[in-house]
Amino acid sequence: MPSLSAYLVVSALLFSLGAFGFLARRNAILMLISIELMLNAVNLSLVAFNAYQPGGSLNGAVFALMVMAVAAAEATVGLALVIAIIRTRQTPEVDEYSDLKE
Amino acid sequence: MELLIALIPALPLAGFIFAVLVGPRLDHVPLHGQHGGDHSEPEDGYASDGAHAASAANHSSAEIDDSGLLPIPSEEDQGHTSPHRGHADELSNAAGAEGVIPVDLRDGLGEAGHVTPGGPRPLYRSWMVPTGLVGLAWLISMAVFVSVIFGGQTYHVRLYEWIASGTFRIEIAFFVDALTAMLLLVVTTVGLLVHVYSIGYMDGDRGFWRFFAYLNLFMFSMLLLIMGDNFLMLYVGWEAVGLCSYALIGFWYKKPSAAGAAKKAFVLNRVGDFGFGLGVMMIWTLLGTLSFDQVFAGIGALPGWQVTTIALLLFAGAVGKSAQFPLHVWLPDAMEGPTPVSALIHAATMVNAGVYLVARANPIFAHAPAAMWVVALIGTFTAIFAAAIALTQNDIKKVLAYSTVSQLAYMFMGLGIGAWAAAIFHLVSHGFFKGLLFMGSGSVIHGAGGEQDMRFMGNLRRKMPWTYRTMLIGSLALAGVPIFAGFFSKDEILGEAFNRGYLIFFIVGLIVAFMTAFYTFRMMFMTFWGSYRGPKPQWKHIHESAGTMVAPLLVLAVPTVLIGLLFGIPPEGGAIHTWLNPVFEAAEKLRAGILPGSAAAQEGHGFALFGTGGVLLLLGALAGVLGIALAYRWYVTRPLSPRRFVERFPLGLGPGMYRASLNKYYVDDIYQLVFARGGVLVGSALWWFDAKVIDGAVNGAGWVSQRLGGLLRRSQTGRVENYGLEMAAGLIVVLIVLIAVVR
Amino acid sequence: MTELRDVYSILPELLLGALILVVITTDLFLPRRSKWLLTPLTVFGLLLAGAACIAVWGTNRSAFAGFYRVDDLSIFLKGATMLIGILSALFAPAYLRQRRLPLGEFNAILLFSLLGICVLASGGDLITLFLGLELMVMPSYLLAGFHKTDRYSNEGGLKYFLLGSFASAILLFGISWTYGLTGTTQIAQIGARLAGHGISPALVVAIGFLTVGATFKIAAVPFHYWTPDAYQGAPTPIAGFLSVGPKLGAFALLIRVFAGALGPIHADWVTVMVILSVLTMVGGNVVALTQSNVKRMLAYSSIAHTGYIMAALAAYGNAPAARAQQQAIEAMLFYVLAYAMMNIAAFAVVGMLQREPGRFGGLASFAGLASRSPGRAAAMAVLLLSLTGIPPTVGFFAKWYVLLATVDAGLSWLAVVIVLNAALAAFYYLRVIVYMYMREPDGNPAPIDHSLFGAVGLGLSVLAVVLLGVFPGVILDVVRISAASLF
């Protein structure tokens, strides 16, 4: 079994990757996917922390399950909003959405 | 009685709520455009505003080129003075009815609400309830006044606990002692009269109900200010009167100058209020209480520098509200508001709040001799400074405004040297006679078709005898002529300055008294005497104001004559001292040990008409009379032929004066050279200081925040990707700060 | 029996959940003409839930194995939530009907969000807090984009969603590391474990992520960028809800996480909180100063108000004694409640003047309101004065208590900054009053919404703003007991 640090490094990398994707992408759906990536990175760290925790409580694992459920809900809400805006603007590119500013 | 006292502020509040909610439905003002007519286009209001502004600009430039002391305008000036000429006919049509606001003074809407000949009269009913309620409040406060002053009682009405958090408690409680009773007398009397006066003055204005709503809100706030029993209520009232003042100065908001003046007043008051707020905060942090009793009981235990800081911070608030140097500039500009407002707020009540604050906090100031010096110095300087400006003003209301600044400064001088009762005496008498003068000037402006420049007036006493007579009484009081109110109160301050050994303050005070008399009568002579210098067609339209406007003048003339006699005899030991003694006793005792000269004051209290006191009295009267005489010489004598001058001069001294006046051109030239040129130069330098330096600082602060706002605003690009990056950057900064802090 | 007591102590949430089901079901069967009945139904249900809050007042216990904390603090916040819900339900219908937006869905989504706030308020565990937070914000995203066919609403909703989810991920990352480093997700135990040990570099990073994630939800500068866009895009009464409801919840989160879990190491996070607080006040105010659109101005000013509340949290962090800490929490609670009442109603008035979909609540729509509708103008004036902090309105006391808290915590300079900011804020708030009372209406003003529900809601909030200003003692005791339950 690899050490906790290894899991955490992978998790941090995943999180950074997701954050980079969120910041670099312009397509609303790809941004949404990047956020999912970040959430999964957190899930990985939660489960890893739980596994290496003494005492056998399952809080971390349960938390990860909850996060998955939340992520699913988030995707639903997000897609609904993206579809609505694509209907009025005919594009998923977020840099086209800047009517509201200043 | 307790319940009645609580009713005093509650009644105007009820009036305010009524006026706001029901008022708009009570007035019926036909829209201007519906009646047609040659003045009906909405643009007309603007155009005449513009013309007026242009002519005003012209006037002010003339003021600097030409000697401000010269009453006769040039021909070009006369050509420019015609904004009202075009409205002459309309004025004549309306003049039969109750007063009608000249077209460019009307509600800032410009186009609205004035009476078109033949059209239906507008209907105004919204004044009834507010005025009635203020009248009721006046009745109650008179009863309270009598009971407090003559019954020797003080009232402490605790309504309920407003704030209770931990050890910190604030009650809603009213405290009425002799000091508050004095202010009640002025505030409610002048307040009621201004309400009555406004019925006539604001007639024809579409903002009629709004005006009465503001007035009532102001009355409520002012009563809260003077009746609260703790610094928080005082502060609340303080802010609220500032707000009302803002709303009322900017009442004719379509005049850009009015809007600007309102903003200026607001900003400068906030500067002072900020200091005041800090002072209150400091009192609370150091003493843990804000109620007057407890603060005054505990203040002695604090170290001296803390008391001095508190006193100075409080005084900063007073400087702002009472328009003392260097925050005085808002008051003259505030004259852009309707004249009843100038009479009520900017002469008789709100501007006195600063004096009240210092007088109320006398135990604090008594513990802070350095702060007392600051008060006295600022007061003395402002007194002479403002009087010097008043000498050269040509706008009738500006003269009175600078005079108000100067007279308030007189009160501060009195407070600063520990002449508490004398200062309050002057506050009361000044409240009455300055209110009278302002309302009189409003009547003049109203009757003369909106003209405010005295160089285009003259001989108005023929047309408006009652305004003239009452204003004459007010002017005599302001000039300090014996038996009138101002004489006694001014003399008390001067006398105390002398008795306590502040000789320099005494001399400056005397000079100011002379200047005051001069500019007051310069105003009177330019307005009511001589020959009419305005546009000729205008002359026949000048008329005496309506009864609702003249009646308050007559009523106010009574206390202007009597108050001095009632309160101030014998001089420097009159009834007012007995009444106010309980309020200032402790401070007076304390100061005896601190400041030199106080002991002398106690000895000198036995006034003798033929001793030092008598000489001082005579000197005061002399300064006033000399000022009037000089004004008479310059503004009445010169334009008239010597023969008529001799005939008119009273007491048969004519022949002697006649010989002296043979040299008048010669003397005038010297005066012109020495005083007028010099005076104008100083005046314009001060004007420049006002306009550039102080305004600049105020505008600068606004500019900086606007710029900063603009900058931040541009960072809101509307693009999600930028927002995300900015968030990420924020995250990194937060991490850096955390790591730096934790290490 | 313990379980039964647990169930009883979440009575308000249960009623709220039942109400959601009732509303959704009723909406299915009501004919179009009678949809308005949903509003009284919702209000009634929320009143019931509010009554349930009173019933469980004083419970002060942990339920469901410590996952749920039913103390007076949470009940106070739940009561405030019900109030916000009632006001939102009253203000929205006229605006929605005008634009043919479905009332039933609005009510259901609103109630879901309220339920989220309640869960958040009672969170005794990081898991509960996270779930409550998501339950609160996800309906909020939908509400922001509620006007489906309006490009602005879409844009605001999407921006809110994308940035909000990003912030949630950041917050979650911080939570997971806090869990990993302390070995527990229970708030109380985290506090206990942190008190014993020092602070490690990894924990600093975790706190940083927590701070950013949580302060995003309250719209602190520089994480505020979504706020003006989302509020301006959202239907106006909904913007009112968004500016107070989720903010209330987010402050509950801040209290639970920073005052609860991270309380023992408050010296470490207080600096960041002070800096963010000052940035937020100044940033919100100076930008609000440049706005000519009242709706957007209110959005920026709500950021400034966040700054004042954060100052109270900073005061908690800096407080030398437990008494001062408690006072800071009291100030937060009082401010949040006061702010909720005045801000939601102020947005509602903007909405009432905004009858055509195109109108954006510019200053011009307020011109001459005093003569067009004296009652509404007077109400708006009271609300704006309260937002400015002018006595004797509740807004004054809210600021006053924050000032007291900061001074007592030894942050006098922060109090000065607050006072200066309040002075600055006066300019843009009073400008609206000037427009209402000192301008003529423009040529063709939009008709004013005179719906009964709106008027009732407005009357209620103005009454509360004035009454709580004149008699703040009524609510102060409640606030004091609530704050005490945290210690």
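A.B. asks: How do you make sense of the overall build of chain A when you look at a structure like this?
C.D. replies: From N to C terminus, chain A includes 3 helices and 0 strands. Reading the secondary structure of chain A in the N-to-C direction produces α-α-α. Here the C-alpha radius of gyration of chain A, 17 Å, is well above what a compact globule of 102 residues would show, namely 13 Å. In terms of principal-axis extent, the alpha carbons of chain A reach across some 55 × 25 × 25 Å. Residues classed as buried in chain A amount to 37% of the 102 residues present.

A.B. asks: Explanation requested: the overall build of chain B in the structure shown.
C.D. replies: Check the secondary structure of chain B and you find 31 helices and 2 strands. For chain B, with 743 residues in total, the buried portion stands at 58%. Look at the contacts in chain B between residues 6 or more apart in sequence, and 82% of them connect residues 24 or more apart.

A.B. asks: Sorry if this is basic, but what is going on with the interface of chain C and chain B here?
C.D. replies: Note on interface size: it is often stated as the accessible area lost on association of the parts. Taken residue by residue, the interface counts 47 residues in chain C and 40 residues in chain B. Top element by residues in the side of chain C that touches chain B is helix 12 (residues 266–289) of chain C. It accounts for 8 residues.

A.B. asks: Please clarify how the interface of chain B and chain A should be interpreted in this entry.
C.D. replies: Contact with chain B, which involves 11 residues of that partner, is made by 11 residues of chain A. At the level of secondary structure, the elements contributing two or more residues to the side of chain B that touches chain A comprise helix 30 (664–715) and helix 31 (720–742) of chain B. With 5 residues, helix 31 of chain B is the largest single contributor of residues to the side of chain B that touches chain A. The residue inventory of the side of chain B that touches chain A, partitioned by class, reads 3 nonpolar, 4 polar and 4 charged.

A.B. asks: I would appreciate a short explanation of the nonpolar core in the present structure.
C.D. replies: In a soluble, globular protein the nonpolar side chains are often hidden away together inside. Residue and element names in this part refer to chain C. Core analysis: the largest hydrophobic core is formed by 493 residues, its most contacted members being Ala-312, Met-332 and Tyr-335. Among the elements that make up this core, the one with the highest residue count is helix 14 (residues 322–352) (23 residues). Setting aside residues up to four positions removed in sequence, Tyr-335 forms contacts with Tyr-308, Ile-309, Ala-312, Ala-398, Tyr-401 and Val-402.

A.B. asks: What exactly am I supposed to notice about the packing of helix 17 (residues 369–390) of chain B against helix 18 (residues 396–416) of chain B here?
C.D. replies: Angle between the axes and distance between the axes are the two parameters that describe a pair of packed helices. All names here are of chain B. One can describe the packing of helix 17 onto helix 18 by two numbers: an axis separation of 7 Å at closest approach and a directional angle of 155°. The orientation of helix 17 relative to helix 18 falls into the category roughly antiparallel. Helix 18 is crossed by helix 17, and the crossing has left-handed handedness. Classifying every residue of the contact of helix 17 with helix 18 by side-chain character gives 18 nonpolar, 6 polar and no charged.

A.B. asks: How should I be thinking about the environment of Phe-487 of chain B in this particular structure?
C.D. replies: All names here are of chain B. Structurally, Phe-487 can be placed in helix 21 (residues 485–499). Residues Phe-487 and Ile-249, spaced 238 residues apart in sequence, show a C-alpha to C-alpha distance of 31 Å. Leaving out residues up to four positions away in the same chain, Phe-487 has contacts with Gly-480, Val-481, Pro-482, Gly-564, Gly-620 and Ala-621.

A.B. asks: Any chance you could explain helix 18 of chain B here in plain terms?
C.D. replies: Working note: α-helix, 3.6 residues per turn, so residues spaced by three or four point in the same direction. The end-to-end C-alpha distance of helix 18 of chain B is 30 Å, a good match for the 30 Å that 21 residues give at a rise of 1.5 Å each. Where burial is concerned, most of helix 18 of chain B is hidden: 21 out of the 21 residues are buried.

A.B. asks: Looking at this structure, I do not really get helix 7 (residues 178–201) of chain B. What am I missing?
C.D. replies: With 24 residues, helix 7 of chain B ought to run about 34 Å at 1.5 Å a step, and its terminal C-alpha atoms sit 34 Å apart, in line with that. Taking burial as the measure, the 24 residues of helix 7 of chain B include 24 buried ones, the bulk of the element.

A.B. asks: Explain the confidence of the model for chain B to me, please; I cannot follow it from the model alone.
C.D. replies: Low pLDDT means the predicted atomic positions in that stretch should not be read closely. Residues and elements named next belong to chain B. Confidence along chain B averages 74 in pLDDT terms, with 74% of residues attaining 70 or more. Predicted confidence is poor over residues 594–606, with pLDDT under 50, and the contacts of this stretch with residues over four places away or in other chains come to 21 contacts. Per-residue pLDDT stays below 50 along residues 641–646; that stretch engages in 8 contacts with residues further than four places along the chain or on separate chains. For this predicted complex, the interface score ipTM comes out at 0.96, while the overall pTM is 0.75.

A.B. asks: How should I be thinking about unusual backbone geometry in this particular structure?
C.D. replies: Residue and element names in this part refer to chain C. The omega angle of the peptide bond from Val-221 to Pro-222 is 5°, so this bond is cis rather than trans. With respect to the helices, strands and loops of the structure, Pro-222 is situated in the loop between helix 9 (201–217) and helix 10 (226–233). Positive phi, normally seen in glycine, also occurs at Arg-100, with a value near 55°. In this fold, Arg-100 is placed in the loop between helix 4 (72–98) and helix 5 (103–121). The backbone phi angle of Ala-219 is positive, close to 65°, even though this residue is not glycine. Within the secondary structure, Ala-219 is located in the loop between helix 9 and helix 10.

A.B. asks: Can you walk me through the packing of helix 31 of chain B against helix 12 of chain C in this structure?
C.D. replies: With their axes 8 Å apart at the nearest point, helix 31 of chain B and helix 12 of chain C run at an angle of 140° to one another. Taken together, the axes of helix 31 of chain B and helix 12 of chain C lie oblique to each other. The handedness of the crossing between helix 31 of chain B and helix 12 of chain C is right-handed. Between helix 31 of chain B and helix 12 of chain C, the residues in contact are Val-734, Val-737, Leu-738, Val-741 and Val-742 of chain B and Asp-268, Thr-271, Val-272 and Ile-275 of chain C, respectively. Taken together, the residues that form the contact of helix 31 of chain B with helix 12 of chain C break down as 7 nonpolar, 1 polar and 1 charged.

Definitions and limits used
- Residues numbered from 1 in each chain as written.
- Chains lettered and ligands numbered in written order.
- Predicted model: local features only at pLDDT ≥ 70, side-chain atom pairs only at ≥ 80, totals over all residues.
- Helix = DSSP H or I, 4+ residues; strand = E, 2+ residues; numbered from the N terminus.
- Rg over C-alpha atoms; globule rule 2.2 N^0.38 Å.
- Buried ≥ 20, exposed ≤ 12 C-beta atoms within 10 Å, placed from the backbone.
- Contact = placed C-beta atoms within 7 Å.
- Nonpolar A, V, L, I, M, F, W, Y, C, P; charged D, E, K, R; others polar.
- Core = buried A, V, L, I, M, F, W, Y, C linked by C-beta atoms within 7 Å.
- Axes fitted to C-alpha atoms, helices over the stretch in contact; angles between N-to-C directions.
- Parallel < 35°, antiparallel > 145°, perpendicular 65-115°, else oblique.
- Left-handed = near helix turned anticlockwise from the far one by under 90°.
- Expected span 1.5 Å × (residues − 1).
- pLDDT = per-residue confidence, 0-100.

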